[in-house]
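Report on the structure
Letter by letter, the chains look like this.
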Amino acid sequence: MIAIKLAYRNLVGAGLRTWLNVIVLAFVLFMIIWHYGILDGWNEQANRDMKAWEVGNGQYWQENYDPYDFFTLEESHAKIPEALKKATNDGIVTPILINQGSIYPEGRIQSMLLKGITPDQNVIVLPSEELNVESEEIPVIIGRRMAKSCKLQEGDVTTIRWRDINGTFDATEVKIVKVFNCDVPNVDQGQIWIHIEKLQEMMQAYGEATMFIIGEDFEMNETVSGWEYKDFDFLMTEMNEMMKMKKVGGSFMYVILMLLAMLAIFDTQVLSIFRRQKEIGTYIAMGMTRAQVVSLFTVEGAMHAILAVIFIGIFGTPLLIWLMSIGMTMPAGSDDMGIAIAETIYPVYGAGLIIGTSLLIFVITLIVSYLPARKISKMKPTDAIKGKIQ
Amino acid sequence: MEQSSIITIKELIKRFPVGKGEFTALNGINLAFNTGEFAGIVGPSGSGKTTLLNIIGSLDTATEGKAVVMGQSTGDLTTKGAAKLRRKHLGFIFQTYNLLPVYTVYENVEFPLLLLQMSDSERRKAINDALEWVGLTDKIKSRPAQLSGGECQRVAIARAMVKKPEIVLADEPTANLDAANSHNILKMMLKLNEELKTTFIFATHDDKVIKYLKRKISLEDGKVVKDEIIKIKGD
Ligand SMILES: Nc1ncnc2c1ncn2[C@@H]1O[C@H](COP(=O)(O)OP(=O)(O)O)[C@@H](O)[C@H]1O
Ligand SMILES: [Mg+2]
């Protein structure tokens with residue numbers, strides 16, 4: 001208790017250097033909280049959007065379906081199984097048929113996926129109802145990224161080519177009836193959405209689907225033979241892994257920043273123990289044990305972290321709240337990373353993040369302060385009083 | 001002297017390692033101090049005054065012989081035990097004042113009391129008393145850098161005296177002070193010695209100090225060469 005009181009007096013008495021250290025530490029703390037807040041916010045947003053746009057509450061995959069291998073698409077569709085018929089008709093699950101194809105925007109060839117969906121489905125928020133239009137060409141909808149990469153706009157007509165289940169190539173004109181805005185690359189990039197019945201007809205795969213997306217309240221007890229159930233967590237694995245990697249990757253910078261801050265504190269400690277030998281000797285003469293003096297200097301160093309936390313509490317909180325309200329506009333091009341990313345990410349600062357980071361910084365500062373302070377216990381008080389140790 | 005000695009030193013030898021050999025700084029000291037003495041260890045520079053004071057103050061240990069302070073043989077104390085002895089019974093005054101620079105006068109004087117269990121009101125009263133003894137009640141908020149040398153040494157006296165220790169050890173307390181200030185602080189200490197029966201032991205070669213001593217122990221090359229009681233105190 002007394003160590004804290006004395007340490008505070010010494011630290012505040014030391015003036016500028018203390019505040020420099022505190023500010024550096026506070027800056028590191030702030031950056032970590034803010035950056036991980038952004039990542040957490042991004043993670044939440046991506047989870048929300050992926051659930052709404054892509055993965056629903058889980059999916060059934062035709063047993064051959066492999067989203068990473070487009071060449072298996074030819075074998076990965078099958079008739080809608082009996083077990084899922086009722087749910088399909090009730091609109092609780094919605095079938096998706098996927099085929100490989102190519103598109104010819106401005107005469108260039110580009111491969112893509114054709115995805116068939118029921119226009120009236122309500123399982124995902126994809127604006128499939130836009131497919132319910134009369135048009136000479138087949139109506140299709142695409143996402144913003146797809147429109148950009150193919151330089152297509154609403155109303156444009158372009159050629160697509162595909163193979164039916166017999167391997168025969170065919171081509172037709174399609175009309176972009178809607179370009180939708182979506183943060184989830186998996187429903188946007190390199191694909192066009194088309195009425196499922198139209199696609200079944202084009203592929204000659206009547207009544208077939210590649211997978212089903214499950215809506216909110218669907219519970220299935222029996223296994224569906226020939227189809228594999230993929231739960232929400234499984235479908236989010238890749239996304240979660242990527243987020244984890246981003247966190248680890250980002251932490252590298254903070255390790256370096258931390259190192260610099262700790263170096264500054266270490267240096268301050270070494271210098272202060274060197275310069276304050278006389279003071280240390282005086283403490284001992286007045287009856288402090290060496291252990292008490294060591295802990296005094298340790299607490300003094302560790303108090304940098306406490307002051308930094310208080311500093312952040314006072315000056316950082318409004319800033320963090322403000323940053324949370326305006327969000328962070330992601331730089332153009334950052335949406336090519338394959339993770340669902342909104343234009344603006346709103347950071348989320350969890351209690352775990354704030355407390356964890358503060359505690360981590362405190363513990364590290366404590367250790368860094370203790371290491372040089374240990375030297376005190378080896379000092380001879382008679383020499384320390386004169387301040388003549390080298 | 002007799003059995004009521006507050007400090008007893010017997011056959012004390014202190015050697016310092018110097019290079020490959022040793023240097024004998026104190027060579028067979030025998031001394032005893034009674035409660036309430038106002039004594040000085042006097043001798044030229046290098047005669048061993050500081051070394052002797054440090055051993056009495058349990059900041060250093062004897063190579064041979066022993067020093068018994070408040071009934072405790074300092075050589076047998078653990079560092080913790082020595083710290084406790086200093087904390088409770090000893091006050092130190094240094095040539096260079098050794099005030100804590102970031103603390104105010106009040107906080108400097110408060111420091112030794114923070115190391116002792118004491119209620120807030122008791123502590124406040126003790127600090128105010130001590131500052132009154134040295135006449136610094138109007139400077140309690142000042143920091144050492146804002147004080148003159150004389151004022152600093154008065155703060156140091158208040159700090160040494162605030163816990164009313166049995167023994168005060170003062171190593172060349174006037175060496176950095178002018179004559180007026182030297183006389184001033186010595187009168188203060190003499191008064192405290194008489195009022196509180198605190199035992200004062202000085203290490204000095206300053207005639208201004210010697211003038212006030214009631215007992216003068218002369219040290220030369222680590223040996224006591226003279227030990228005299230002085231009847232008439234100077235003024
Ligand atoms: N730590 C030490 N190591 C070696 N020699 C020392 C040490 N401390 C004191 N001495 C020597 O012991 C002698 C007495 O020193 P000191 O007690 O400081 O004398 P005084 O205080 O009378 O001037 C001196 O010659 C000094 O050089
Ligand atoms: Mg000396």
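Predicted model only: the values in this text are computed from it and were never measured. (Residues numbered from 1 in each chain as written. Chains lettered and ligands numbered in written order. Predicted model: local features only at pLDDT ≥ 70, side-chain atom pairs only at ≥ 80, totals over all residues. Heavy atoms only, no water.)

**Concerning a nonpolar patch on the surface**
Residue and element names in this part refer to chain A. Among the surface-exposed residues, Phe-266, Val-270, Val-363, Leu-366, Ile-367, Tyr-370 and Leu-371 lie close enough to one another that they form a single nonpolar patch of about 550 Å² accessible area. Here the nonpolar patch gets 5 residues from one element, more than from any other, and that element is helix H9 (residues 351–373). Looking at where Leu-371 falls in the secondary structure, it is placed in helix H9. Judged by relative accessible area, Leu-371 falls into the partly exposed class, the value being 37%. (Patch = residues over 30% accessible without salt bridge, like charges linked within 9 Å, V, L, I, M, F, W, Y side chains within 5 Å. Areas by Shrake-Rupley, 256 points an atom, 1.4 Å probe, with all protein chains shown as cover. Salt bridge = Lys/Arg side-chain N within 4 Å of Asp/Glu carboxyl O. Helix = DSSP H or I, 4+ residues; strand = E, 2+ residues; numbered from the N terminus. Buried < 20%, exposed > 50% of the residue type's maximum accessible area, 1.4 Å probe, protein only.)

**Focus on the layout of surface pockets**
A volume near 840 Å³ is recorded for the largest pocket. In terms of lining residues, the largest pocket is bounded by 39 residues, among which Glu54(A), Tyr65(A), Pro67(A), Asn186(A) and Glu238(A) are the most central. Listed by contribution, the elements that provide at least two residues to the lining of the largest pocket are helix H2 (16–55), strand S1 (59–62), strand S3 (93–104), strand S4 (110–117), strand S8 (191–195), strand S10 (211–214) and helix H6 (232–275) of chain A. Here the element with the most residues in the lining of the largest pocket is H6(A); it accounts for 6 residues. Class assignment of the residues belonging to the lining of the largest pocket gives a composition of 26 nonpolar, 9 polar and 4 charged. Each of two domains, domain 1 (2–52 + 238–386) and domain 2 (64–225) of chain A, supplies a minimum of three residues to the lining of the largest pocket. Computed from the structure, the second largest pocket encloses a volume of approximately 690 Å³. Lys386(A), Thr50(B), Thr51(B), Asn54(B) and Asp171(B) are, among the 31 residues lining the second largest pocket, the residues nearest its centre. Those elements giving two or more residues to the lining of the second largest pocket turn out to be helix H10 (381–386) of chain A together with strand S1 (5–18), strand S2 (21–34), helix H1 (49–56), strand S6 (90–93) and strand S7 (167–171) of chain B. Sort the elements by how many residues they give to the lining of the second largest pocket and H1(B) lands first, with 5 residues. (1 Å grid on protein atoms, 1.4 Å probe; cavity = no way out; pocket = protein on both sides within 12 Å on 5 of 7 lines; lining within 4 Å. Points joined across faces, edges and corners; volume = space filled by probe spheres on them. Nonpolar A, V, L, I, M, F, W, Y, C, P; charged D, E, K, R; others polar. Domains from an automatic or database assignment.)

**What about the interface of chain B and chain A?**
Tallying the contact residues gives 25 residues for chain B and 22 residues for chain A. Roughly 2,100 Å² is buried in total at the junction of chain B and chain A, and carbon and sulfur atoms are behind 65% of that figure. At the boundary of chain B with chain A, the tally comes to 0 salt bridges. At the boundary of chain B with chain A, the tally comes to 4 residue pairs in polar contact (both at pLDDT 80 or more). (Contact = heavy atoms within 4.5 Å. Buried area = accessible area lost by both parts, 1.4 Å probe. Polar contact = N/O pair within 3.5 Å; in protein donor to acceptor, adjacent residues only side chain to side chain.)

**As for the site of ligand 1**
Residue and element names in this part refer to chain B. Inspection of the region around ligand 1 gives Phe-16, Phe-23, Ala-25, Pro-44, Ser-45, Gly-46, Ser-47, Gly-48, Lys-49, Thr-50 and Thr-51 as its neighbouring residues. A distance of 2.9 Å separates an oxygen atom of ligand 1 from a polar backbone atom of Lys-49. A distance of 2.5 Å separates an oxygen atom of ligand 1 from a polar side-chain atom of Thr-51. Computed on the free molecule, ligand 1 has an accessible area of 560 Å², of which 71% lies beneath the protein chains in the complex. According to the grid-proximity analysis, the pocket containing ligand 1 is the second largest pocket. Listing elements by their share of the shell around ligand 1, those giving two or more residues are S2 and H1. Of all the elements, H1 adds the most residues to the shell around ligand 1, at 3 residues. A per-class count over the shell around ligand 1 returns 4 nonpolar, 6 polar and 1 charged. (Near = heavy atom within 4 Å. Sits in = over half its atoms within 2 Å of the grid points.)

Spatial relationships are all this shows, so hold off on functional conclusions.
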